[in-house]
Amino acid sequence: MASPHILLFPFMSKGHTIPLLHLARLLLRCGAAVTLFTTPANRPFISAALSDTTVSIIDIPFPQNIDGIPPHVESTDKLPDMSQWPRLAIAAKLMKPYFEQALNSFPRISFMITDGFLGWTLESAQKFGIPRLVYYGMNHFSMSLSAVASQSRQLLTDLEVDNNKLFSFPSFPWIKFSKKDFDPAFVDPESQDKLHNEYILEQLQATEKSYGIIVNGFYELESVYADYWNREIGPKTWCVGPLCLAAPPRKKQENYRTPSWIQWLDMKQEEGKPVLYVAFGSQADISREQIKQIKTGLEKSGVNFLWVVGKNQVEDDDGFEYRVKDSGMLVKEWVDQREILEHSSVQGFLSHCGWNSVMESICAKVPILAWPMMAEQPLNAKMVVEEIGIGLRVETSDGSMNGFVKWEKLEKVVKELMEGEIGKELRKKVKQVGGAAGEAMAEGGSSWNALKELIHELHAERE
Ligand code: UDP
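This report concerns the structure included in the present document.

Cut-off values and rules
- Residues numbered from 1 in each chain as written.
- Predicted model: local features only at pLDDT ≥ 70, side-chain atom pairs only at ≥ 80, totals over all residues.
- Heavy atoms only, no water.
- Pairing = 2+ DSSP bridges.
- Helix = DSSP H or I, 4+ residues; strand = E, 2+ residues; numbered from the N terminus.
- Axes fitted to C-alpha atoms, helices over the stretch in contact; angles between N-to-C directions.
- Core = buried A, V, L, I, M, F, W, Y, C linked by side-chain atoms within 4.5 Å.
- Buried < 20%, exposed > 50% of the residue type's maximum accessible area, 1.4 Å probe, protein only.
- Contact = heavy atoms within 4.5 Å.
- Phe/Tyr/Trp six-rings, centres within 6.5 Å; stacked < 30°, edge-to-face > 60°.
- Lys NZ or Arg CZ within 6 Å of the ring centre and 35° of its normal.
- Expected span 1.5 Å × (residues − 1).
- Arc of directions from axis to C-beta.
- Near = heavy atom within 4 Å.
- Polar contact = N/O pair within 3.5 Å; in protein donor to acceptor, adjacent residues only side chain to side chain.
- Areas by Shrake-Rupley, 256 points an atom, 1.4 Å probe, with all protein chains shown as cover.
- Parallel < 35°, antiparallel > 145°, perpendicular 65-115°, else oblique.
- Left-handed = near helix turned anticlockwise from the far one by under 90°.
- Nonpolar A, V, L, I, M, F, W, Y, C, P; charged D, E, K, R; others polar.
- Salt bridge = Lys/Arg side-chain N within 4 Å of Asp/Glu carboxyl O.

Once that is clear, we can look at the sheet that holds strand β1 (residues 5–9). The strand order β3-β2-β1-β4-β5-β8-β9 describes an open sheet built from seven strands, whose pairing is parallel. On the outer flanks of this sheet lie β3 (56–59) and β9 (237–239), each paired with one strand and no other. Strand-to-strand, the axes of this sheet are offset by a mean angle of 25 degrees, without reference to chain direction. Alignment of strand β4 (residues 111–115) against strand β5 (residues 132–135), held across four bridges, turns out to be parallel. Bridging from a neighbouring strand, M112 pairs with R132 of β5.

Grouped together as the largest cluster of nonpolar side chains are 39 residues, with contacts concentrated most on F9, F11, F37, F62, W85, M95 and F99. Sorting the residues of this core by element identifies β1, α3 (85–91), α4 (96–104), α6 (140–150) and β8 (212–215) as the ones contributing at least two each. The biggest single contributor to this core is α3, with four residues. Other than its neighbours up to four places away in sequence, M95 contacts F9, M12, T39, I60, P61, F62, P63 and W120. Counting residues in hydrophobic clusters, the runner-up holds 34 residues, among them M359, I362, A381 and I388.

Using the criterion set out here, one finds 26 aromatic pairs in the structure. Arranged with centres 5.5 Å apart and planes meeting at 85 degrees, the rings of F167 and F169 form a pair that is edge-to-face. Here F167 matches F169 in class, with each residue buried. The interplanar angle of 15 degrees and the centroid separation of 6.1 Å between the aromatic rings of Y211 and W238 together place this pair among those described as stacked. One end of the pair, Y211, is in the loop between α9 (194–208) and β8; the other, W238, is in strand β9, with 27 residues separating them in the sequence. Exposure remark for W238: the relative accessible area of 3% places this residue in the buried category. The positively charged end of K14 is found above the aromatic ring belonging to W334, 5.9 Å away from the centroid.

Its 15 residues place the ends of α9 21 Å apart at the C-alpha level, agreeing with the 21 Å of an ideal helix rising 1.5 Å per residue. Of the positions making up α9, those classed as buried are H196, Y199, Q203, A206 and T207. Each buried residue of α9 lies within a common arc of 105 degrees when the element is viewed along its axis, so the set occupies one face. Residues of α9 that are exposed and angled more than 90 degrees away from the buried face: K194 and E208.

The next subject is the site of the ligand. In the neighbourhood of the ligand, 15 residues make up the surrounding shell, with S282, V335, N356, S357 and E360 lying closest. A distance of 2.6 Å is found between an oxygen atom of the ligand and a side-chain nitrogen or oxygen belonging to E360. The protein chains hide 92% of the 530 Å² of surface that the ligand would expose on its own. Those elements that provide at least two residues to the shell around the ligand are α1 (14–29) and α15 (355–363). For the shell around the ligand, the leading source of residues is α15, giving four residues.

Bringing the sheet that holds strand β10 (residues 275–279) into the picture now. In spatial order, the strands read β12-β11-β10-β13-β14-β15; together these six strands make up an open sheet with parallel pairing. Here the strands that pair on one side only, and so sit at the sheet edges, are β12 (328–331) and β15 (391–393). Shown here is a sheet whose adjacent strand axes are inclined to one another by a mean of 15 degrees, direction ignored. Where strand β14 (residues 368–370) and β15 come together, three bridges link them in parallel fashion. By the bridge assignment for β15, I368 is matched with G391. Seen against the sheet, helix α17 (residues 407–419) touches β10, β13 (346–351), β14 and β15 and runs at an angle of roughly 150 degrees to β13.

Next up on the list: the packing of α6 against helix α10 (residues 223–233). Put simply, α6 and α10 touch, their axes get as near as 8 Å, and they point 45 degrees apart. Looking at the two axes, α6 sits oblique to α10. Of the two possible hands of crossing, α6 and α10 adopt the one that is left-handed. Where α6 approaches α10, its residues H140, F141, M143, S144, L145, A147 and V148 are matched on the opposing element by Y225, A226, Y228, W229, N230 and I233. Looking at the contact of α6 with α10 residue by residue, the class counts come to 10 nonpolar, three polar and no charged.

This part takes up α10. Looking at α10, one finds that the buried residues are Y225, A226, Y228 and W229. Buried residues in α10, looked at end-on, bunch into an arc of 160 degrees, giving them a common side. Buried positions along α10 lie against α6, β7 (172–177), β8, β9 and α16 (377–388). Remark: G234 follows α10 within two positions and exhibits a positive phi of approximately 80 degrees.

A separate point is the pattern of salt bridges. Using the criterion set out here, one finds 24 salt bridges in the structure. Here E198 and K194 are joined by a salt bridge, their closest N and O atoms 3.3 Å apart. Here E198 pairs with K194, and both are found in helix α9, just four residues apart, close to one helical turn. Take K194: its relative accessible area is 63%, and that puts it in the exposed class. Measuring nitrogen to oxygen at the nearest pair gives 3.4 Å for the salt bridge that ties K415 to E411. Separated by four residues within a single helix, K415 and E411 lie in helix α17, roughly one turn from each other. For E411, a relative accessible area of 17% translates into the label buried.

Shown next as structure tokens:
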């Protein structure tokens, strides 16, 4: 029997691409041939990440001159303003003829895994008789709760007057929600423009008609919600993560040179000082006023911190970097986040709760200060704090999801995590959960088995 041939097509954002690069490695380990689709501007990042593998990479032209998108921008982290992301996603549909041209050139494809935001790939898959699986990067908890909440829009509209009022959904009576747990874009179509709503609806319909969903998580972490999804909603899911555990250790790669921030963490380790890692993913837009509060909160807390500021400019107009030079480091470049989280001096993570960041933190056994900013991140934060019990929530002043966080609140919660008894308990808990994640991914574990079963079902049985 020929080896399986699997196609991957991630969406043009780092958070959606990185886990599929890890998945590509896992599929190779299962004996599959893997072809990954991308666009020209995204190719260098992907080629560098997979340079030691046999994954074939195909780039197909990305449309240019899109209204509202600067020229040559082909990924969300390069957008000057994240509110423009649906335009980028909608434009991606124009890649369809090139995608189908490429599909035509392959003799046999076992199945394809394409991003949930590339719903148009379902039509191509159907045309060529290829099963399509969807990757959204969401866990079962967030998928199930988003689905349930969007069916109860009236309830959420009624609550508009009071951010702090608590409510439950009949399917999950044990969870108390308030407005802060939902990004308005997820539950209130009125808050979004027509373009966005039509686009999202199209993606959801394509997902419903697809073969299944790949989830970057492990069954034991959220079995109640995985079972609920598969029993009540669907299509069927396969939990095959945490995918970050498939990544190769950086130090083993050729030409490795220790980055300055890792040298700084080494120094902190020698000094015996625990470090809080601060990062909000690849695409969050944070206002200048909020950045000022973060600076003050970190400085007043007195903890050691490594802050990867990413695309958000942290202006040094107030001597901040000089004042904190003994306790803090700011990094403006792209980092290997896993390498930082796995450094033994890192004992806490102030995170926006993008699901990759959560998975990486769990695998590195680091507890989280959960500060969600958009999309399903507030649900991830709820899961981190209330369901898994490995973090504390950073509260906004008005109790809303995307409200302002004052430095006093941040200082308090940072100290609780890094110096308090609560932090110790959370560290114990995350060690257990991280251990379970490793077991799921090891040979014979639930995630390993799920991937094997998927390949068997879609390759061996179709041969
Ligand atoms: N990341 C990284 N280096 C950076 C910034 C981000 O490696 O300098 C990675 C991070 O480890 C994670 C991904 O980018 O794998 C971000 O995904 P996440 O879901 O956490 O957040 P998003 O960027 O999608 O909001």
